[in-house]
Amino acid sequence: MQCKMCFKWHSPVDYRDPHEPTLGQWQEFICQLADMCRDSKPRINFAGGEPLARKETIELIAWANKQGFDTLLATNAYLLDELMAQDLAKAGLKQITISLDSVNPLTHDFLRGKAGSFDKVLAAIENLAEYAPKIVIDITTTISGYNIKDAVELALWANKDKRIHGIGYQAITQPFNTEFDLKWYENQKYVFLWPKDQKIVSQVMQELAKLKNSADLRKDFVIENPPKQFSVFAKYFAQPSDFIKQGYCHIDTNALNITPTGNVHICFDKPAIGNIKKDNITDIWFGQKAEEIRKQIKECRKNCQSLVNCNFNDKEEYV
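Residues numbered from 1 in each chain as written. Predicted model: local features only at pLDDT ≥ 70, side-chain atom pairs only at ≥ 80, totals over all residues. Heavy atoms only, no water.

### Things to note about the overall build of the protein
Item 1. Scanning the protein for helices and strands turns up eleven helices and eight strands.
Item 2. Taking 2.2 N^0.38 as the reference for a compact globule, 319 residues should give roughly 20 Å; the C-alpha atoms of the protein span a radius of gyration of 20 Å, in line with that estimate.
Item 3. Considering only C-alpha atoms, the protein reaches an extent of 55 × 50 × 45 Å along its principal axes.
Item 4. Each of the 319 residues in the protein was classed as buried or not, and the buried ones make up 47%. (Helix = DSSP H or I, 4+ residues; strand = E, 2+ residues; numbered from the N terminus. Rg over C-alpha atoms; globule rule 2.2 N^0.38 Å. Buried < 20%, exposed > 50% of the residue type's maximum accessible area, 1.4 Å probe, protein only.)

Right, here's the structure in full:
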């Protein structure tokens, strides 16, 4: 893929990188994590890039499943053919999240930078339903200026398909793997991704919130975002430079991110707290470096746009 909201494909990738953990080291890390979290195991999410491009992913899903973890996979679905669906079922995958940005094939294919990717998503849903019926299927959509008018129609489409468990929305942020720019949305390279018509933004956010609120009564609509998040999206799109969460970020205790080279991060904006190739994850998680980073996170007042997405908390106040 050559996604418009992520520039990881610009970076040269060598899958023979000697600095990556071996399969055995990944397995040992998962065992250590299971031991550290034996009273309440977290979920393990295999993400990318595209995790299905690596054959080790299936093996690690199976390994994590044996250690008692619920396993999740985030994918663009391009490689999810019949055989892949069968392999994921055998590995014990619990849940899969497929990127889909529009019910219009041309729109989705443009945003993902690959012709035919929309059709691949539909085929993947068919394959999962046929060969891996126990895997929960979710859709994730990034709302941008290019597809915002399709957001409500996509929710209605997903709601009609009983094979789909849920759909979650994220607001566009600065494309990944690009140099930090506080006003990236004014950059000519990315300006088309930013919703400019605030009337349309308000209308779409209100409609999505209305659909979600109706689910509280019917218990059957598939939107997974809390209604309040759509009002926060609207504020964010109206004044991105002013947006910031009231209070501090909670990523300090609820996230553990491992890079392809084994570096352990609580927050990717902060330095790594260790590496799974050298240290036990328990020592890393409870170590001095981790405590230093947690203190930095609690003191952080950066206008971090992830607060509107992954770290959103509907119990807290937002500007």
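The structure having been displayed, the exposition proceeds.
### What about helix α11 (residues 288-299)?
Item 1. Here α11 is twelve residues long and its end C-alpha atoms lie 17 Å apart, about the 16 Å a rise of 1.5 Å per residue gives.
Item 2. Considered for burial, the residues of α11 that qualify are Ala290, Ile293, Arg294 and Ile297. Taken down its axis, α11 places every buried residue within 105 degrees of arc, on the same side. Residues of α11 that are exposed and point more than 90 degrees away from the buried face comprise Gln288, Lys295 and Glu299.
Item 3. Buried residues in α11 make contact with α9 (251-254) and α10 (281-285). (Expected span 1.5 Å × (residues − 1). Arc of directions from axis to C-beta. Contact = heavy atoms within 4.5 Å.)

### Some words on the pairing of strand β5 (residues 166-171)
Item 1. Along β5, five of the six residues are buried, which leaves the element largely enclosed by surrounding structure.
Item 2. The pairing of strand β4 (residues 136-143) with β5 spans six bridges and is classified as parallel. Following the sheet pairing, Asp138 is matched in β5 by Gly166.
Item 3. Remark: the β4/helix α6 (residues 151-160)/β5 crossover connection has right-handed handedness. (Pairing = 2+ DSSP bridges. Right-handed = clockwise from strand over helix to strand, strands pointing away.)

### Thoughts on the pairing of strand β2 (residues 71-75)
Item 1. In terms of residue burial, β2 counts as a mostly covered element, since four of its five residues are buried.
Item 2. As defined by bridge partners, strand β1 (residues 44-46) adjoins β2 across three bridges and the pair is classed as parallel. Of the residues in β2, the one forming a bridge with Phe46 is Leu73.
Item 3. A crossover links β1 with its parallel partner β2, the connecting element being helix α2 (residues 56-66), and its sense is right-handed.
Item 4. When β2 meets strand β3 (residues 95-99), the two strands line up parallel, connected through four bridges. Within β3, the residue paired with Leu73 across the bridge is Ile96.
Item 5. Handedness of the crossover is the feature at issue here: the chain leaves β2, passes through helix α3 (residues 82-91), returns alongside β3, and the resulting connection is right-handed.

### Side note on the environment of Lys134
Item 1. Note on placement: Lys134 falls in the loop between α5 (117-131) and β4.
Item 2. In this structure the C-alpha to C-alpha distance between Lys134 and Ala34, which are 100 residues apart in sequence, comes to 23 Å.

### A short note on unusual backbone geometry
Item 1. Residue Gly49 follows Gly48 across a cis peptide bond; omega there is 5 degrees.
Item 2. Phi is positive for Asn177, which is not a glycine, with a value near 65 degrees.
Item 3. Considering the arrangement of structural elements, one finds Asn177 in the loop between β5 and α7 (198-218).
Item 4. By relative accessible area, Asn177 is classed as partly exposed at 48%.

The analysis is restricted to geometry; functional conclusions fall outside its scope.
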